Amino acid sequence: MTRRAPAPAILALVCVLGLISGCSHIFDRAFADVPDELVPLFQAAAATYGGLSAAQLAAQARVESSFDPSAVSPAGARGLMQFLPTTWAQFGVDGNGDGRADPLEPRDAIPSAAHYEAHLASSLADLPGDRTSLILAAYNAGPQAVRTAGGIPDFHETRAYVARVHDWAATYRNQL
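Described in the following lines is the structure provided in the data block.

1. Regarding helix H4 (residues 54-65)
Part 1 of the reasoning: Taking 1.5 Å per residue, twelve residues should reach 16 Å; H4 reaches 16 Å between its end C-alpha atoms and fits that length.
Part 2 of the reasoning: For H4, a buried count of eleven out of twelve residues is recorded, marking the element as mostly surrounded by other parts of the structure.
Part 3 of the reasoning: For H4, the set of buried residues is Ala54, Ala55, Gln56, Leu57, Ala58, Ala59, Gln60, Ala61, Arg62, Val63 and Ser65.
Part 4 of the reasoning: One or two steps after H4, the chain reaches serine 66, where phi turns positive at roughly 55°.

Written as structure tokens, this is what we have:
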């Protein structure tokens, strides 16, 4: 008779080996679906504003806040899509129709991000390069930094941000 290790012991061993080998991102992906209640919001925002696909918008929310609508950054960016107050004042949308645009409300924040990105796409249309990457770089570093650089600025944070959003968008493509 062959003895088999208990399932929890095998799972623990796989997790430890994954962490040791630097493959912890595999486990992140396995448990990182877009929250079900947000899926129609990303789909509607992408259909309404264009610019980015629903998967790309969801990937942004994952990178910006890990889908946390109450997130606040040290720089003062707020909500699921991490809007700075000045950007929110200009591009915030009352997506849920309650008479108030609130960056902490996903039904407002998601269409606001898509609205802002449609503006970024238009304002950067004359620059060469991948449209999506330019939009993401401008969302992260600001449109003036992208314009000054003539494309994605050579900022480690911005280049990493663009790569991470593209990576997560590929993960979410089948869900959205």
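2. Let's talk about the environment of aspartate 98
Part 1 of the reasoning: Inspection of the secondary structure puts aspartate 98 in the loop between helix H5 (85-91) and helix H6 (106-123).
Part 2 of the reasoning: For aspartate 98, a relative accessible area of 49% corresponds to the partly exposed category.
Part 3 of the reasoning: With ten residues separating them in the primary sequence, aspartate 98 and aspartate 108 have C-alpha atoms 9.7 Å apart.
Part 4 of the reasoning: One polar contact links the side chain of aspartate 98 to the main-chain amide nitrogen of arginine 100, over a distance of 2.9 Å.

The rules behind the values
Residues numbered from 1 in each chain as written. Predicted model: local features only at pLDDT ≥ 70, side-chain atom pairs only at ≥ 80, totals over all residues. Heavy atoms only, no water. Helix = DSSP H or I, 4+ residues; strand = E, 2+ residues; numbered from the N terminus. Expected span 1.5 Å × (residues − 1). Buried < 20%, exposed > 50% of the residue type's maximum accessible area, 1.4 Å probe, protein only. Polar contact = N/O pair within 3.5 Å; in protein donor to acceptor, adjacent residues only side chain to side chain.

From the geometry alone we can't say anything about function, so treat these as descriptive.
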